[in-house]
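# Fold and contact review
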Amino acid sequence: MEPKGEPEGGKEKDQNDQPDKSDSSGEKKERKKSTDEKKRLLELEEEERLAEDEEGEGSGSEEEEEEPPPPEPEEPPPEPAKKKKKVVVEKKISENFYYNYEELCSFPYVTPDSGIPIDMLILMHSFGYDCRRRANIQMLDSQTLLYIAGNQLVLLDLKFRYLRYLRSTSGGGIGVITAHPNKTHFAVGEKGWKPNMIIYEYPSLKPYRILRGGTEKAYAFADFNRSGTLIATVGSSPDYMLTVWDWKQEKIVLRSKAFSQDVYRVTFSPENEEQLTTSGSGHIRFWKMALTFTGLKLQGALGRFGKTAVTDIEGYAELPDGKVLSGSEWGNMLLWEGGLIKVEICRPGHRNCHNGPINQLLLDEGEIVTVGSDGYIRVWDFETMDTADVVDDTGLMEMDPMNELLVGKNVNLGYMVKVHERGEPYWYAQDFNGAIWKLDLSFSNVTHDPECLFTFHSGKIEAVCVSPVTYILATTALDRMVRVYDFLGKVQLAEMKFKQGGTAITWAPKVANPKGGIIVVGFQDGVVRIIELYNPKGLPIVASQENLADAALRLKQAFKPHTSAVTALAYERHGEILATGSRDKTVFFFNVDEMYDPIGFISVPGPVQALQWSPPSHRENKLLIFCENGIVVQVPAPQQDYDAKSTYKMKDLPTEYFRFWSIKSQILREDEIQRREKVKEEKEKERQKWIQEQLDEGKELEEIELLEEEPEEEEEEPLPEIFHPETPSPILCGFYSAPGKFWLSLGGYDTGFLFHCAFSPMQHQKQPELREDEPFDFIRVEGAEDNAITRIWFCSSGLLMFCGMQNGAVRIYPLHQKEFSIDNIAGYWLFSLHDNEYGKIQGICSSFDDRFLVTCGADGNIFTYNILSVEDIKKVLKTKVPSPRRGLDQERAAEDIEEPNAYSIENAKQKKEYDAIMKAAERKKYLKRQELLSLRLEFQELLRMNDELPKHMQLHRAQFELDRRIRAEMDRRTAQKIRLVMKELGWEQERHRIGLRKLQERFRGNLEYDTIVVCAMRSNHQISTYRLLAISEKFYKSRKQSQSWKRRLSKYDWKAKDDLRKDSQKDLFSSQTSTILEEEAEPEKVKKKPQTLQSRIVENRMERLRKIIEKAEKAKAKIEQRKREWEELYKSKPSEDYEDPQDVEDIRYAQENMGDFKLKTATNYKIPEHMRINAAKKMNQLTSLEVAIHEKKLSMNKWIVGLRDLKVAIIEEIQCVVQALKNIQASLDPSKHLPVPPVPQLLPEETPEKKFQYDNETLLKFRQELEEQGLKVKEAMPVVPSAEAGGLGGFGGGFLHTPSVKEIDTSTRGAGSQKSVKPATTPTAVLPVGSFEMELVEPTELEVEIRKREEIRNMYMQETLIKRIDELMMTFDAELCLLRHQKLKLDIQMKTADLRHITWFQELLLLKNFEKHEDTLQERVNSLISEEDQMQHKINSCLAQIEEKKAEIVKLQEREKALYVTFHASLGENNKFAGFLLKVLKKRIKRVKKKEVEGERDDDEESEEESDEESSLESDEEESGSEDEVFDDTVCPKNCDESLFENTLQLREKRLDIEEALVEEKKAIENVKKEYEALSKKVKVVAASLDSAEWELEAYQREKQQKLNELHVVVPLKTHQVEYISNGEIPSDVSQALVFTNQSLVNLQQRITILQQEKLEQRELYKKAREQHKELIRDRKEMMIKIERLEEKCNQFMMMKFGRLVNLEALQTLSVNTNLEELKMKTMEKEQAIAMDLKKWEDRILEKRQQLMEVTKENTNKLVQMNAFCTEKVRLEEKLDALHNNLGAEFQGPRKEDLMEKEKLIALVQLQDRDAEILKEEIALLSRKDGRIFAASEPLFETDEMLN
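Residues numbered from 1 in each chain as written. Predicted model: local features only at pLDDT ≥ 70, side-chain atom pairs only at ≥ 80, totals over all residues. Heavy atoms only, no water.

## Concerning the packing of helix 15 (residues 1175-1226) against helix 18 (residues 1341-1467)
Contact geometry of helix 15 with helix 18 gives a least axis separation of 9 Å together with a crossing angle of 165°. Overall, the two elements helix 15 and helix 18 adopt an arrangement that is roughly antiparallel. Every pair of crossing elements has a handedness; the one defined by helix 15 and helix 18 is left-handed. Grouping the constituent residues of the contact of helix 15 with helix 18 by class yields 33 nonpolar, 6 polar and 14 charged. (Axes fitted to C-alpha atoms, helices over the stretch in contact; angles between N-to-C directions. Helix = DSSP H or I, 4+ residues; strand = E, 2+ residues; numbered from the N terminus. Parallel < 35°, antiparallel > 145°, perpendicular 65-115°, else oblique. Left-handed = near helix turned anticlockwise from the far one by under 90°. Nonpolar A, V, L, I, M, F, W, Y, C, P; charged D, E, K, R; others polar.)

This is the structure we're talking about:
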């Protein structure tokens, strides 16, 4: 129920919360002035804050995480006259500081100097509740409930049921509310531009803190942390900014963009306040306050849904260990861990946790509470949910709730808050369907049932109306409720629920119902219901009735005039007619009486938006109909006695139309023109003023004109274009202004104006949709460019116009007179009441006495206001509910229309008329059929009489036809109907065909062979095929892949392969090099004949150079060849640990193939590498086995089918033979007939494919069987012969079997064979008896002899044919028995293969279980192997570096020795300063190290340290110098050569450099050695880990093998194969026996002797190898000695020839300077090419001269031709003139031939003129130097075309 109202003291509280009404106008002005100054000051502060924020603002998201500096705290508001200075030092806000509510809250806007009081409306009460808003319920204590209502914050006292209100400060609405954990404060987040978050103290309700700059448009959610020190807010579109505040100091701690879509919630983690969670549209995000090197940041991790469908998340709960449990749209819970979904929780049986979205999750006292939109509250075990994990691939975990509570049906719970009352916990829940519940979730024996505290409309309120006699209002909405309120007593009186939602409502006027108890409501389904309001206490008292309410609603009448939603209801001014409008574009009229009777309806060109009857001041009673599509219709009131015989549609009602044509663009264009003219006038005024100032200064007018600069003419922008929207702007509301005139308020493009319109007198010239009617006047609505007026209401006096706006505000226009015009408006009063975003005002009206105003909005709120009147306040007002009618208690309840698809009034009437017409038509059809039946019987009687006449008197059947054309027309119509039926059944036929095809594909599509049984002809033997399914292509592919598998290469194989690849690359490189050399060496074989001496010289020189180069290249190639041979020789040299590849391969082969016959069950059994099996290999084995089985069965099936085909051929042959046998027996005596063997037949199981073959006969039989089963009594349906049936009806009504294709072929072949046999019979034909009547003559002896011979021959043929039949049958049976024997063997193999398949499949299942862990172990082994290889590579590189460093040290030491040698050489002999200089050279000094700076120094401290080090080095050097004062190496001694001393110093510097380099190299060696040692240790560790991993893998392989050993394998054996015998018998227990092949046993026995022989051979080989090794060592020593001797001899020869040792290879490769020679050759070639080019150009010049001469000749000819043309032209002109002068004399008029001749001549003259001009141009062109002629742009001659 609704709040009962407020006590008397409640009014004082309301008045205290509102501005004081008794303030004087001066005080109001001062307060307004102070408020304006305060607002300006706050704006300045906001600008400073925004500027500071922009300097340091950043985002804490993943993309950019920068923390803004915290804004300065707000200080107490200073005096209005003072300005705030920018504070640099951060100050703390005092704990006792409060803001003034009167200065903060928003006030109405009043037009300045209009005299309108600011408190024109005073809020009385709020009846609605925005139940669809998220988290719109908060508990401040156990008795105070807080929620948002539009621009008001409502505090509801649950005990006394009175309301208190707080206004929003911005006037833009309220976005979110939240309460402090201690309930000492609550936060209100507002809407608007840069809205504030205001913290109020409770219970004083003083504004405590204001948080600014948190979002751009509106706050979406807010939450305090557990301690209450911080608050987190999140904004709505467009910024979605997440902000964490230190709210007591009004400081932003952290901020970041939460997401790019709507964010529903943000909360702190209760256990860790540094963690937050946000959720919203398709996302959830987990935030952390992370301390980075740049400060505290907000880092957000977006939750990834993975395989789970993306869902909007309304509710979630943070668990203590960091996990988050969230809801989903489908009702399951998602457990998040680490940003991923760990598990999805559902109920057993995969049922959802809730049937719909989960709107809230709570962690309360160790239990999880879920609130669902299905009306259930379920409690879950926290421990089970916290430890939940995935149990299968579905990702679901099933669990049952601990407790559950069904709050009620049609309940959609959205949000709950907990409060303690008298120590017991209770929950207050928000119901999205319009209720507030009080719940007890203790789930004990004394648990209270859910209690519904208040009910409201759910969602948008569609309409509101006010009683014409008392203070009662009624509302309706799409929640199917009609509610009645006493707005004076602030209580709900009654409510009534229906099947459909209400869309329109109106109260019957006083003239129609004086008591004021009739309410008319329109609904979604087009139904209009008349509801009666009465006081039940006025009914007769009944003993059973107690506690009667103050009011009740009763359905009086229900009717359905429309087929769509009713949008408008209006009573005629006298109350006699009710008009209803609907979206179905109709307006219905009803007579108003005790019962409402329909009059009729009219159709309008658009959906009806509103209806208004003309006021009493108008002479005519008319209805104004406003349509949504911009059309207005006016019709007069219909006659109440309108006669609706067949339809209610009124067609003769005069109608006027007005289609709004936008003029807004014209208005804007005129405004722009006026603005530009005004600007020009102001500029002209300034100019005149300046001229006057100059004149006043004494300047002359001429001087002023000279001084005046000419203004530059600026290009004006084009005026706005005239625009008309394609879709007309929708009409929102309107009202009459005068007869035929009205005002309109439109939405869309034409928002911001009220247009004054009138109906045009020319109504019937255009269709309503094509009219373009412009308004003749308009009023601009100030400040409403994008805010349309949706509803307009005038008070009864007509002096106040109330306007409901699109943004939920109310405008009041006081009028000087009752007529509304622009001159009658002094100003307006504006106040935001409903939500500014979605709170569009749906209805606005004043009470019957204009004391109160009622508004309802799309935000679900209903507000009542007191219209200011001092006298009315003093009056005592009271609401009176209408008394019931007399006899109301005796009346039956009216019948309601509950079916949404029920017929409307018009449809019901049309259905009734249609039924009557159909009944009359059926009656007429029946009579016609009876007449036709009588005529048919009469015709049949005539036919019967005709048949009874003699034949010569009978009429032919065609003579009964009066006209054959009638029969032809009937046949044509029949054929046309048949075609039509075929077309109609085409879709059905295709559907059945596709269905049959799908069935065949489903059940027989993959069937390759069905079971075919082939039976023997003379025995019971039979053979059948395998029923074989087609194998898919993937099996063959996988088999090929399995066959192409190769052994995995070991690391040695990889090395060998790598070496081979390198060798091949080297060979390729060498081959390419040699090829290039050959190509360079090979001369170009171009045959050119030398033409000049120069070319011959070039060729000789080239030949000489080529020979020199070729010789050098040959020497070079020979050297290269020798080097390659040496490299190959050294490469072929085996290393110390070289092993023969053949030996290695033999060892490997022996290891792999050596018989290790340990049992697989043995503990020390090691599985060989090639015998290890995994799931993939086993799958390939299975695939190969299946393919092999399929191939075997397929082959056998082909043999059997071939046998079946052989049987068919034999049967056909036997049929031919039998036919021939019968022909022979016809000529034999019956006593000599041998029995004819029966012809074998094919059995049905031998041709199973015929089961699925059908023909027309089969289908007809099937149809007949169905009809016999369904209707046994009914006679069989006659068959009509048709083209498809092939004349099936010609056999006495029976059906002829249509032979199949095979039967036709069989009969054809039989006939053919019969024909082939017939010639074998005797040519004599047996004549039938009675053919000739003649006497029988005795046969002669010759005839008797011929007959005997013929008989003997026929007897022989008879026996031969019978033997042939027997032979055919016996042959077939033998073939069948042989194939049957083979199939039996194959059956044994197939059974064995099936057993093997079962075993392998069991092994596959086991292997799949082991596969995951085995892959893990194998990956670990592989990773360790790769790691070991990498470390070994690093070790090798370290060793290489050590060798390199050692070589560098050796080089440095040699340089040092060379330096000392150089020093001693420079001293000479007997140098007395040698000792001194040697000391100078060997002296150790500390030198300053020169540091190269490679970049800019970033740190000053480093540079200082470097300078300190340098200074310390210098000081050390000085100290070292002071130690030995006697020895001074800086001064050269007397008589010592200074150059020698300087050289010594230089050598010392070199020595120091070498020593430093040596030290560096040694240090590098030490570092490399350390790295080598570390790597060696790591290699040992990795090797140990690798051994351990391989051991684990081997152990796991043994475990897998043991599991495989446990599987049973079937091995069929015969008794002679069993050699496990005990006491001469086979033991009963053979579990200890081994299954071994005979060949393996023989191989083992043979292997013993082979191994003994191999052992002796290996010993002999070893002895030979040792002897060979000794010989090779001796030969090597001899070769080394020989090489040394040859080198010494070679050196001697070089010294003798060259005097020094030279490089012979370099000497051999010396040749000419190729670069110089190439340049010379190029120069000669260039000269030769230039000479050839010169010759070509000379030839070309000569050719051009010849061409010029020819062109000149041609031009001369053209000039001659032009002269002839000119002469001809003159002659023709003279002739033409003569003919022209003589035309009038000879003829009265010109002849047609002459005219045509004249035209031809004129054309010829013109053509010649053109030719002459062209020739002149060519002459002019040819007269130029170059003589070039350009092509003409048009053809030169068109004589033929012009003349023709």
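## Here's the deal with the sheet that holds strand 33 (residues 472-477)
On the basis of which strands lie adjacent, the open sheet formed by 4 strands has the order 32-33-34-35 and antiparallel pairing. Each edge of the open sheet carries a strand with a single partner, namely strand 32 (461-466) and strand 35 (491-497). Averaged over neighbouring strand pairs, the angle between their axes works out to 20° when direction is ignored. Inspection of the sheet shows strand 34 (residues 481-486) paired to strand 35 by 6 bridges, in the antiparallel sense. Bridge pairing links Val482 to Met496 in strand 35. (Pairing = 2+ DSSP bridges.)

## Considerations on the environment of Pro320
Mapped onto the elements, Pro320 comes out in the loop between strand 19 (316-318) and strand 20 (324-326). Each C-alpha atom of the pair Pro320 and Leu363 lies 9.5 Å from the other, and the pair is 43 residues apart in sequence. If we ignore the near neighbours within four places in the chain, the residues touching Pro320 are Glu271, Leu363 and Phe382. (Contact = heavy atoms within 4.5 Å.)

## Considering the packing of aromatic side chains
Inspection of every chain in the model, using the stated rule, returns 41 aromatic pairs. Centroid distance Phe224 to Trp247: 5.8 Å. Interplanar angle 80°. Geometry classified as edge-to-face. Of this pair, Phe224 sits in strand 11 (residues 219-224) while Trp247 sits in the loop between strand 13 (241-246) and strand 14 (251-257), placing them 23 residues apart in sequence. With a relative accessible area of 5%, Phe224 lands in the buried category. On the basis of relative accessible area, Trp247 is assigned to the buried category, the value being 0%. Put simply, the rings of Phe559, Phe588, Phe590, Tyr596, Phe601 and Tyr648 pair up and form one aromatic cluster. Stacked on the ring of Trp193, the Lys or Arg Lys194 has its end atom at 5.6 Å from the ring centre. Just above the ring of Tyr426 sits the side chain of Lys438; from NZ or CZ to the centre is 4.7 Å. (Phe/Tyr/Trp six-rings, centres within 6.5 Å; stacked < 30°, edge-to-face > 60°. Buried < 20%, exposed > 50% of the residue type's maximum accessible area, 1.4 Å probe, protein only. Lys NZ or Arg CZ within 6 Å of the ring centre and 35° of its normal.)

## Here's the deal with the side chain of Lys1193
By secondary structure assignment, the location of Lys1193 is in helix 15. Not counting residues within four places of it along the chain, the set of residues in contact with Lys1193 comprises Tyr1026, Leu1028 and Met1390.

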